[in-house]
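The chain contents come next:
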Amino acid sequence: MTKRTRTALLVSGIAVALILAALFLFQRKKSSAFAPERLSHGDDTGGRIAEFIKVKIFYVTEASLAMSPVYREIEVPEIREELYRKFVSLLLAGGEGRIVPVPSGAQLRSLHYLVGKEMLILDFNELLAASFPGGTTAEMEFIYFMVDNICYNFREIKKVKFLIGGNESKTLAGHVDLEKPFFPDFSWLKDE
Amino acid sequence: MKNSIKAGTFFAAFLVAPLLLTSMVIDFRSFDHEGYTRVVLQSERSFTYKVQDQPGRLEVRIAGRADFPARSQAVQNSVLLERVTCEYQGKESVITVHFKGDAAVKKNFVLEDPFRVVFDLVRSELPAAAPPRNDGAAPAADEKKPDALKENPPAVPPRTDGAVPPRPKPIETICIDPGHGGEDFGAIGRSKLKEKDVTLKIAYKLKKQIESRTGLRVIMTRDKDSEVSLNSRASIANNQLAQMFVSIHANSSFRKSAYGSETFFVSLQATDPESLELAQKENQNQEDPGENIQNDELKMILWNMAQTEHIRESSKLAEFIQNELNELLGTRNRGVKQAPFRVLMRTAMPAVLIETVFISNAAEEKKLLSDEFLDKIASAIYNGISKFIYYYGSLVK
């Protein structure tokens, strides 16, 4: 084998490895490996530099069966639960052309993260159930809108449990068992 | 030159290594117990999966790419299992457990810490079911009569594993569950049509069809505009020894354009305190594969998951009904789905929840106002039920 042939083989080998690596990276990015990007927004007055994270929020839209993403930024507070609370507020705020599958008047009362159980507990006010429009699809839209968005953006949270008015509730509108926590089901999301 | 090779190799390894380190590794293990074989898929991360219980094998479809120890590996010293394979199809990883002979999933649940998907498999020596007709026609006279089923009393299929098999009986009683009622209106359409009224009307039409065409006994969880708790609905069906539970609903979505029909059977996630106890047992079992977990004990722990015994039949019933809805209603087929519906969990029989059409969609709500359309829905459900009875009859012969 000549030196030229060996060099050609080496170069083509590296090229194949690079292509394979790029394909793997692309595949990974498409599947599930989203991590919120950390950003710093400083000011020039010598004050505190605010830390932000860029999150990806999936909303229900009329156009698609799956939820479609938009990017938002949240300022990172010192307390982790406060970050989750801000994130949920952002979810509920919605945006133009985006459907927030939460009945009007429903508000988050409190939120707790159980580190050992990797579980986030969301306690909504009674209007969540009282104003809920009914229907299994609507129930699941609400549940997976909350659970998928939270677990997608905060990988330390593996499951979400819902309380209504501080108490466990059997169901939201007579269908899905609400007493157990929910794992994410990312088939509700449409990645773009 | 050597330096170039080293540099190239190192660079390639540098690029690939993080990917290997972060991919989802799934471990497979199985244990034979008295009367069943337990299969466990374990991962550091939770994952979503879909199960396809095929003749001769169990397919578990996992979203994304999963690292499996080998593309194909033999299962050593198993009564029921022959081989397990893993392949990638599009965006899914498909883990297939190949059986020795035929087997069926008796229980399927999820455990945590670490995340595990557990299947309990039992030997099934069931004859292949006759293919259901797809012409939407009513079944032949012999199929329709309960006596025809009685003439073929259930036989215990021969077993090789020494366990006492569940003894299925021919279907004699069907429980129809009209969703909601009383103060619980269910979903409400734009023209103020209430789901609770629609479901009761369809239930009556379906009851009439079943009784007149098959002579089977039909019970209803409510026969008027009254509120019945979800637990009571399941209790009514269980206490009356119903062998089929059909819950009727009209759907609603935050998307006003959503339309179509779908049929659900239950999905179970074991995450409650009782199931933690079960998790501990599974863990003990992992440490000592020789230890036997008593089936009765498991049943006690899973008392609120009575449906676990009937998942396979429930899936079949859902499939038959959904096919008929799709054919007769001509609306969007949203398919057969699984969800943790409370009313289905405690029913100890094949059980489905039917979302006929969307009351939140103006066009479909208008259809629901028509008696003729409600007749069509009842006929579609009846056709699906009759095909299931035919299928089930072949199981108990």
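Anything mentioned here points back to the structure above.
What you see is a predicted model; the values in this text were computed from it and never measured.

## With respect to the overall build of chain A
Next, step 1: When helices and strands are tallied, chain A shows four helices and six strands.
Next, step 2: Reading chain A from its N end, one meets helices and strands in the order α-β-β-β-α-β-β-α-α-β.
Next, step 3: When each of the 192 residues of chain A is scored for burial, the buried share is 30%.

## Topic: the sheet that holds strand S4 (residues 108-114) of chain A
Two strands in a sheet stick together by hydrogen bonds in their backbones, pointing the same way (parallel) or opposite ways (antiparallel).
Residues and elements named next belong to chain A.
Next, step 1: An order of S4-S5-S6 is seen for the three strands of this open sheet, with the pairing classed as mixed. The strands lining the two open edges of the sheet, one partner per strand, are S4 and strand S6 (159-164). Strand-to-strand twist across the sheet, computed as the mean angle between neighbouring axes with direction ignored, equals 20 degrees.
Next, step 2: When S4 meets strand S5 (residues 119-124), the two strands line up antiparallel, connected through six bridges. Pairing of Leu 108 across the sheet is with Phe 124, part of S5.

## Focus: the sheet that holds strand S10 (residues 115-123) of chain B
Residue and element names in this part refer to chain B.
Next, step 1: In spatial order, the strands read S5-S1-S2-S10-S9; together these five strands make up an open sheet with mixed pairing. Across the chains shown, the open sheet's two edge strands, defined by having one partner strand only, are strand S5 (66-67) and strand S9 (103-111).
Next, step 2: Direction of pairing for strand S1 (residues 24-33) relative to S5: parallel, over a ladder of two bridges. Along S5, the bridge assignment pairs Met 24 with Ala 66.

## Some details on the pairing of strand S12 (residues 217-220) of chain B
Residue and element names in this part refer to chain B.
Next, step 1: In this structure, strand S11 (residues 173-178) lies alongside S12, joined through four bridges in parallel fashion. When the sheet's bridge partners are listed, Ile 174 is paired in S12 with Val 218.
Next, step 2: With helix H4 (residues 195-214) bridging S11 and its parallel neighbour S12, the resulting β-α-β unit is right-handed.

## Let's talk about the pairing of strand S2 (residues 50-61) of chain A
All names here are of chain A.
Next, step 1: Two elements, S2 and strand S3 (residues 64-75), share nine bridges in a ladder whose sense is antiparallel. Paired with Lys 56 across the two strands is Tyr 71, which belongs to S3.
Next, step 2: Where S2 folds back on S3, the antiparallel hairpin that results is connected by two residues.

Parameters at a glance
Residues numbered from 1 in each chain as written. Chains lettered and ligands numbered in written order. Predicted model: local features only at pLDDT ≥ 70, side-chain atom pairs only at ≥ 80, totals over all residues. Helix = DSSP H or I, 4+ residues; strand = E, 2+ residues; numbered from the N terminus. Buried ≥ 20, exposed ≤ 12 C-beta atoms within 10 Å, placed from the backbone. Pairing = 2+ DSSP bridges. Axes fitted to C-alpha atoms, helices over the stretch in contact; angles between N-to-C directions. Right-handed = clockwise from strand over helix to strand, strands pointing away.

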